[in-house]
Amino acid sequence: NAGVTQTPKFQVLKTGQSMTLQCAQDMNHEYMSWYRQDPGMGLRLIHYSVGAGITDQGEVPNGYNVSRSTTEDFPLRLLSAAPSQTSVYFCASSSWTGSYNEQFFGPGTRLTVL
Amino acid sequence: KNEVEQSPQNLTAQEGEFITINCSYSVGISALHWLQQHPGGGIVSLFMLSSGKKKHGRLIATINIQEKHSSLHITASHPRDSAVYICAVRKNTGNQFYFGTGTSLTVIP
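Being a predicted model, the structure only gives us computed values, none of them experimental.

Draft legend 1. Looking closely at the pattern of salt bridges. All names here are of chain A. In this structure the tally under the stated criterion is four salt bridges over all chains. For Arg 36, the salt bridge goes to Asp 38, with nearest N and O atoms at 2.9 Å. Across the pair, exposure class does not vary: Arg 36 and Asp 38 are buried alike. Shared partners join several salt bridges into a network, and the residues in it are Arg 36, Asp 38 and Arg 44.

This is the structure we're talking about:
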């Protein structure tokens, strides 16, 4: 199993550009989520999904869109990049057995917005 | 105020020392998750627990639900244990995890 994969590993954008961060998992996990990690702060939830076709906002959703058309994929879209979105982005997934289990994380995407 | 607080923020230890990292939280939770983030950035799950104690190799995690407190212990520490250790809690309501800011551990040979 590849686990949770993310692409790209690094990305530089100019203010106003849009892009999609890709996330995929091959563990048939119901729950998938996107976090951003900034210096001096804990991981913060952007959006999450509890299954195909179901998404919800987390703590910091503004400026980001998600969709979940399949169990495996959960892309994160930046609509119009801003310097405040410079961060490291992690995708994670977990299974459900009456409650959500431990999360498995992707390797991260380091995004810089100029 | 962050709902999850970790202490210490930074910790330096000599190889072989016993290490304790603490996590306190202010909300009702259904589970607590300890994670390890290596200098390269990757995050791996260590433990997920809702009561009592779990052990894996040299790592031990305990939780006291009444006191809203968890500890991560490392016995016979080794330089390869150098990493950031992160505590996260899942509230009783909802599907979200809330994360502490991490404890940066350096183990010196």
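Still more ground to cover, so stick around.
Draft legend 2. Fine view of the sheet that holds strand β8 (residues 76-78) of chain A. Residues and elements named next belong to chain A. With respect to topology, four strands assemble into an open sheet ordered β1-β3-β8-β7, the strand pairing being antiparallel. Strand pairing shows two members of the sheet lacking a second neighbour, β1 (4-7) and β7 (64-66), which therefore form its edges. Shown here is a sheet whose adjacent strand axes are inclined to one another by a mean of 20°, direction ignored. The sheet contact formed by strand β3 (residues 19-25) and β8 spans three bridges and is antiparallel. Counted as the bridge partner of Met 19 is Leu 78 from β8.

Draft legend 3. Region of interest: the state of the cysteines. Residues and elements named next belong to chain A. Going through the model one piece at a time under the given rule, you end up with two disulfides over all chains. The disulfide that involves Cys 23 links it to Cys 91, with 1.8 Å between the sulfurs. Negative torsions about the S-S bond denote left-handed disulfides, and the value of about -70° found for Cys 23 with Cys 91 makes this one left-handed. Note that Cys 23 is positioned in strand β3 and Cys 91 in strand β9 (residues 87-94), a separation of 68 residues in sequence. Judged on exposure class, the residue Cys 23 and its partner Cys 91 are both buried.

Draft legend 4. Fine view of the sheet that holds strand β7 (residues 59-64) of chain B. All names here are of chain B. Read across the sheet, five strands follow the order β1-β3-β8-β7-β6 without closing on themselves; strand pairing throughout is antiparallel. The strands lining the two open edges of the sheet, one partner per strand, are β1 (4-7) and β6 (52-56). Between one strand axis and the next, the sheet turns through 15° on average, direction left out of account. Looking at chain direction, β1 and strand β3 (residues 19-25) are connected through four bridges and run antiparallel. When the sheet's bridge partners are listed, Ser 7 is paired in β3 with Asn 22.

Draft legend 5. Local environment of the interface of chain B and chain A. With 15 residues of chain B in contact, the opposing surface of chain A contributes 20 residues. Together, the buried faces of chain B and chain A total about 1,500 Å²; carbon and sulfur atoms form 58% of this surface. Ranking the residues of chain B by area buried against chain A places Ile 43, Asn 95 and Phe 99 of chain B at the top, with a combined share of 38%. Between chain B and chain A we count zero salt bridges in total. At the junction of chain B and chain A, the tally comes to two residue pairs in polar contact (both at pLDDT 80 or more). Within the residue set of the side of chain B that touches chain A, elements represented by two or more residues are β4 (29-37), β5 (43-49), β9 (83-91) and β10 (97-99) of chain B. Residues belonging to the side of chain B that touches chain A are distributed by class as follows: six nonpolar, eight polar and one charged.

Rules and cut-offs
- Residues numbered from 1 in each chain as written.
- Chains lettered and ligands numbered in written order.
- Predicted model: local features only at pLDDT ≥ 70, side-chain atom pairs only at ≥ 80, totals over all residues.
- Heavy atoms only, no water.
- Salt bridge = Lys/Arg side-chain N within 4 Å of Asp/Glu carboxyl O.
- Buried < 20%, exposed > 50% of the residue type's maximum accessible area, 1.4 Å probe, protein only.
- Pairing = 2+ DSSP bridges.
- Helix = DSSP H or I, 4+ residues; strand = E, 2+ residues; numbered from the N terminus.
- Axes fitted to C-alpha atoms, helices over the stretch in contact; angles between N-to-C directions.
- Disulfide = S-S within 2.5 Å.
- Contact = heavy atoms within 4.5 Å.
- Buried area = accessible area lost by both parts, 1.4 Å probe.
- Polar contact = N/O pair within 3.5 Å; in protein donor to acceptor, adjacent residues only side chain to side chain.
- Nonpolar A, V, L, I, M, F, W, Y, C, P; charged D, E, K, R; others polar.

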